[in-house]
Each structure stands twice: as structure tokens, then as C-alpha cells.
Amino acid sequence: MEKKKLTIAVTGLNNIDSPGPGVPVIRGIKKSGLDVHIVGLAYENLEPGIYMPGLVDKTYLMPFPSAGSEAFLERLEYIHEKEQLDIIIPNFDSELYLFIKYSDKLLKMGIHTFLPSIEQFEERHKDNLPEFAIKYNITVPESKALMNSNELSNLPKPLSYPYYIKGKFYEAFKVSNYNQALYYFNKLSAKWGFPVIVQQAIHGTEVNVIALGDGDGNTVAAVAMRKQYITDKGKAWGGITIKDERLLEITHHIIKETKWRGGMELEMIKTDDGEYYLIEINPRIPAWVYLAVGAGQNIPEMLCRLAMGEKVNPVADYDSGKMFIRYSWDLIGDIADFEKIIIFGEL
Amino acid sequence: MSKLNSLAISDSGFIFKPSTGESFTTNEMGLFIIQLLKENKSGEEIINAIMEDFEVDNVTAGRDLYEYLDFLKREQMMD
């Protein structure tokens, strides 16, 4: 595989305060030693990854997923004609459905992906988490998917304040009374649609795992992390790798039982009593993936190799005590670059 | 591996607990006690060693040891 130059398209170049995973995914791929040509796929013309020196070789603007499958496929066909893509790594929850749905069509065009099936994608949705928990014997906090704000005043027991109110795709807010709940219900439903999910807050430490499943039930890679610094959007601004055997056991169990294919992130709460509650499964590589690379597991590289049909041996070991700390950095760009993105949709 | 042996401890007194990602700092006495615990020394042997190295009496050494053991257990750093 090293002999062939791979053209890899990556989305999620929004390296902002709630960062997409695109930039660290590309950093991981570039660190791997694979011979690559990186194509950035951006949805907004000010996504920082477009302008970061030495990151992408070329960027194309994409239509938002809400524009529909026709616009999506048309744009990808155009980009493929120009770039001859080998692999696409989508990094947004909101675009995954389209990429999964059309993965066979993409493969026929010669574009490889390594994604979960529609069934895998759907069953771990926030609103399906209670059923997921029963099916796979996982502990989750009490939750309910709401289609109407009236339901907030009549939540089933034992749901009680404080609880989290969560958007369908992104964002979660902890609320302590009805007025707060109603405010965020309206805000999240307007932004992400329905349902809005209410999930019991669990007191404990937030621990996360990034993992890669091969689709046959094997965990190819898994790294556990404890958030050390959390932004007001709930995002990790700093974190440290940990060796939590129980957490990794749960990860292996989920991947084995679901036969998960692709990258994933498990978000869990560990209580003071040592109980683990699964609060969310993100069906893609998370934005802190470069910590896993730094700790010894190059998940973006492994995902590329799996996408190209290579056999990848599972890696279990990694360094604990590796830390990441995000920072902001002002890039100086030129209006000419911005103009190209605005006028031509590519740079 | 015992909880105590899984800790990463530097000479500066910085303790990293890999299972949770927590870190702690300890003083010279704490480092001394941890070292002896890892060598499976008995309570009496540790108290005698503290008396000798830190030039304190038996009561003070015993108090220092048991207060430190409480701390290690409370933070789940020893079985």
C-alpha cells in the first residue's frame, strides 16, 4: 500500500471551539508515512483547515447534507473526476447517513469508505440508547426522546433534575428546572430537529474511548481518555490517556456484539462507586483522535488501511499519561484564497 | 499488578494514577512510605524506618504512617 499514492478526502475541517475531527485525522494520516494527497471537503468557507499551511493539498466546498442526496452525489462526482479519490473519511454525524447510504455507489466509482452499516448507525442513536442498552447489556442513564415540549412537564420516573437536554446530533445542556429545560428544548429542536433527548445526569467522572472496529467483531484499536479541561460546550480542551481495564472491556464488548465497522467514540460516566454509564456513542472518529496517535495507536492510518481492504492486526497497547492540550492560533490568510473558495468553491 | 505498583511515581513526589488519569503530589515522607510499602515491609518495619530516617519518636512515626495509609486507601491507590 505504501507504494501507491493514496488520495484521501476528509471532512470536518472546522477546527474551532467545538472542533471537527478532520484536522487531527489528517495529521494522523500524514504522520503514518503513507504517501498521500489530501483533499479537504468543507461545508463553510471559513473552516480553518482550508487555510492551515501544509495540511490539505486541495479543498472543495460541499453542499450541506440538508441539500439532499442529488446535490451531494453530483458534487462528489465532480470532485472525484478532478482528484480520483481513493478514500473518503467523513467526520460529521450529520453527513454520515448520506455517506453510508451511498457507500456502495461510491465504491463502484472507486472511492473506499470504512463506515458502520445503516443498522449500526441507527441503533446507537441517542433516542435509541435505552433499547441499545437492553439489547447489548450495557448500563445507560434513564432517558426519553421527546417530540413535544409539553412532555417536559410529565417526564416518566425516575427522570428528575438535574438532567441533560440533548440535540439530535450535537449539543447538550444540563438543566435544573422546567424553565431552563423549555428554553434549551426550543433552542435544540430549532437547530437540530426532533427528537430532543432528555437524559438523567449521572454524578461522576467523564471518560471516553476512541475505538476502531473491523466489522467482524474485532477491536482493532482502542484508547481511553479522561477529560481534564471541559469547555462550556462540553468539549475536551485537555485530556489524558488512562488505562482503565473495565472501560476497555466494555468497549471490546460493544464492538464484538455490534460488529461495529469503523471509528467510534464511547462517552461514559464512571461513578464514585465504580459503575460505568454509557451516555453516548458517536459513530465516527472524535476530534481528540490525535491523542490516540500520540499514545501509540494511529487510528486514521489503520482506518485507511482497512478501507483499502488491507488486513490490520489489532493493537492493544498504548501509553497512559499522554496528554493533549488544545490551543487557539491566529492564522494570517489572504483575501485571494478566500475569494477562490467563495467564487469557485475550491482552493 | 497491585494498585500501588501500577502508580507512576517520580522522585519529585509527583504521582500519576494510570487507571483514572488523576495526579497527586507527595512529600519526602510519602515517597519514603510508598517505597517501603512496595517492598512489602510491615507496619512496624516502616515505623522503625521512619523513626530512623526522619528522627521522630514512635508515636509521630505511627501517626504519619497511618495518616498516609488512609490517604492512599481513600484515593484507591492501594488494595
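Each chain has its residues counted from 1, following the order in which its sequence is written. Written order determines the labels here, with chains lettered from A and ligands numbered from 1. Given that this is a predicted model, residues contribute local features only at a pLDDT of at least 70 and side-chain atom pairs are listed and counted only at 80 or more, while totals for whole chains, interfaces and linings are drawn from all residues.

What counts as a helix is a DSSP run of H or I of at least four residues, what counts as a strand is a run of E of at least two, and both are numbered from the N terminus. Helices and strands together make up the secondary structure of chain A, namely 12 helices and 14 strands. Radius of gyration: over C-alpha atoms. The globule rule applied is 2.2 Å multiplied by the number of residues raised to the 0.38 power. For a compact globule of 347 residues, the expected C-alpha radius of gyration is about 20 Å, and chain A comes in at 20 Å, within 12% of that figure. Dimensions of chain A along its principal axes, counting C-alpha atoms only, are 55 × 45 × 40 Å. Contact between two residues is assigned whenever their backbone-derived C-beta positions fall within 7 Å. Partitioning the contacts of chain A with sequence separation of at least 6, the portion at a separation of at least 24 is 65%.

The subject of this paragraph is the nonpolar core. The nonpolar side chains of a soluble globular protein tend to be buried, and buried together. Any nonpolar core is a set of buried residues, restricted to Ala, Val, Leu, Ile, Met, Phe, Trp, Tyr and Cys, that join up through C-beta atoms within 7 Å. In this scheme the burial state of a residue depends on its C-beta neighbours within 10 Å: 20 or more other such atoms mean buried, 12 or fewer mean exposed, and anything in between means partly exposed; the C-beta positions come from the backbone. Of all hydrophobic cores here, the largest spans 82 residues; its most connected members are Ile8 and Val289 of chain A. If we skip the residues at most four places from it in the chain, Val289 of chain A touches Pro21, Pro24, Val25, Gly28, Ile210, Ile299 and Pro300 of chain A.

Moving on: the environment of Pro63 of chain A. Checked against the element boundaries, Pro63 of chain A lands in the loop between β3 (58–61) and α3 (69–83). Discounting chain neighbours no more than four positions away, the residues touching Pro63 of chain A are Ala71, Phe72 and Arg75 of chain A.

Three- or four-residue spacings in an α-helix give side chains the same orientation, since the helix completes a turn every 3.6 residues. Residue and element names in this part refer to chain B. To estimate the expected span of a helix, count its residues, drop one, and scale the result by 1.5 Å. In this model helix α4 (residues 58–74) runs 24 Å from its N-terminal to its C-terminal C-alpha over 17 residues, within 8% of the 24 Å that 1.5 Å per residue would give. When we look at burial in α4, the residues that qualify are Ala61, Asp64, Leu65, Tyr68 and Leu72. Seen from one end, α4 has its buried residues packed into an arc of 95 degrees, which puts them on one side. Relative to its buried face, α4 has exposed residues pointing more than 90 degrees away, namely Val59, Tyr66, Glu67, Asp70, Lys73 and Arg74. Contact partners of the buried residues in α4: α2 (28–38) and α3 (43–54). It is the directions from the helix axis to the C-beta atoms whose arc is reported.

Attention shifts here to the domain arrangement of chain A. Just so you know, the domain bounds were taken from an automatic or database domain assignment. By domain assignment, chain A separates into domain 1 (6–114 + 330–344) and domain 2 (142–200). Of note, the centres of domain 1 of chain A and domain 2 of chain A, computed from C-alpha atoms alone, are 33 Å apart.

A separate point is the sheet that holds strand β10 (residues 219–230) of chain A. Residue and element names in this part refer to chain A. In space, the 6 strands of this open sheet follow the order β13-β12-β9-β10-β11-β14, with antiparallel pairing throughout. Each edge of the open sheet carries a strand with a single partner, namely β13 (276–282) and β14 (323–325). Shown here is a sheet whose adjacent strand axes are inclined to one another by a mean of 25 degrees, direction ignored. Angles run from 0 to 180 degrees between N-to-C directions of axes, and those axes are lines fitted to C-alpha atoms, restricted for helices to the stretch in contact. Packed on one face of the sheet, helix α9 (residues 245–258) meets β9 (205–214), β10, β12 (261–270) and β13 and runs near 130 degrees to β10. The sheet contacts of helix α11 (residues 299–307) involve β9, β10 and β12, and relative to β9 the element is tilted by about 25 degrees. Paired strands, as defined in this entry, are two strands with at least two bridges between them according to DSSP.

This brings us to the pairing of strand β2 (residues 36–42) of chain A. Residue and element names in this part refer to chain A. Of all the 7 residues making up β2, 5 are buried; the element is thus mostly covered by neighbouring parts of the structure. As judged from the 6 bridges shared by strand β1 (residues 6–11) and β2, these two strands associate in the parallel manner. Pairing of Leu6 across the sheet is with Val36, part of β2. Remark: the β1/helix α1 (residues 22–32)/β2 crossover connection has right-handed handedness. The sheet contact formed by β2 and β3 spans 4 bridges and is parallel. Residue pairing in the sheet places Val39 in a bridge with Lys58 of β3. By definition, the crossover connecting two strands over a helix is right-handed if that path, from the first strand to the second, turns clockwise as seen with the strands pointing away from the viewer.

This next bit is on the packing of α1 of chain A against α11 of chain A. Residues and elements named next belong to chain A. One can describe the packing of α1 onto α11 by two numbers: an axis separation of 7 Å at closest approach and a directional angle of 75 degrees. The pairing of α1 with α11 is recorded here as roughly perpendicular in orientation. Between α1, through Val25, Gly28, Ile29 and Ser32, and α11, the contact on the second element is made entirely by Ile299, Pro300, Glu301 and Cys304. For this classification, the nonpolar set comprises Ala, Val, Leu, Ile, Met, Phe, Trp, Tyr, Cys and Pro, the charged set comprises Asp, Glu, Lys and Arg, and every other residue, Gly included, is treated as polar. Looking at side-chain class alone, the contact of α1 with α11 contains 5 nonpolar, 2 polar and 1 charged residues. Oblique is the label for any angle not under 35 degrees, not over 145, and not in the 65 to 115 range, which are roughly parallel, roughly antiparallel and roughly perpendicular in turn.

All right, on to the interface of chain A and chain B then. Taken together, the contact pairs 7 residues of chain A with 6 residues of chain B. Each residue belonging to the side of chain A that touches chain B can be placed in one class, and the counts come to 2 nonpolar, 2 polar and 3 charged.

This brings us to the sheet that holds strand β7 (residues 172–175) of chain A. All names here are of chain A. Spatially, β5-β8-β6-β7 is the arrangement adopted by the 4 strands of the open sheet, whose pairing is antiparallel. At either end of the open sheet lies a strand with only one pairing partner, and these are β5 (143–146) and β7. Pairs of neighbouring strands in the sheet enclose a mean axial angle of 20 degrees, with direction left out of account. Across 4 bridges, strand β6 (residues 163–166) lies against β7 in antiparallel orientation. The residue bridging Tyr163 from the neighbouring strand is Val175, located in β7.

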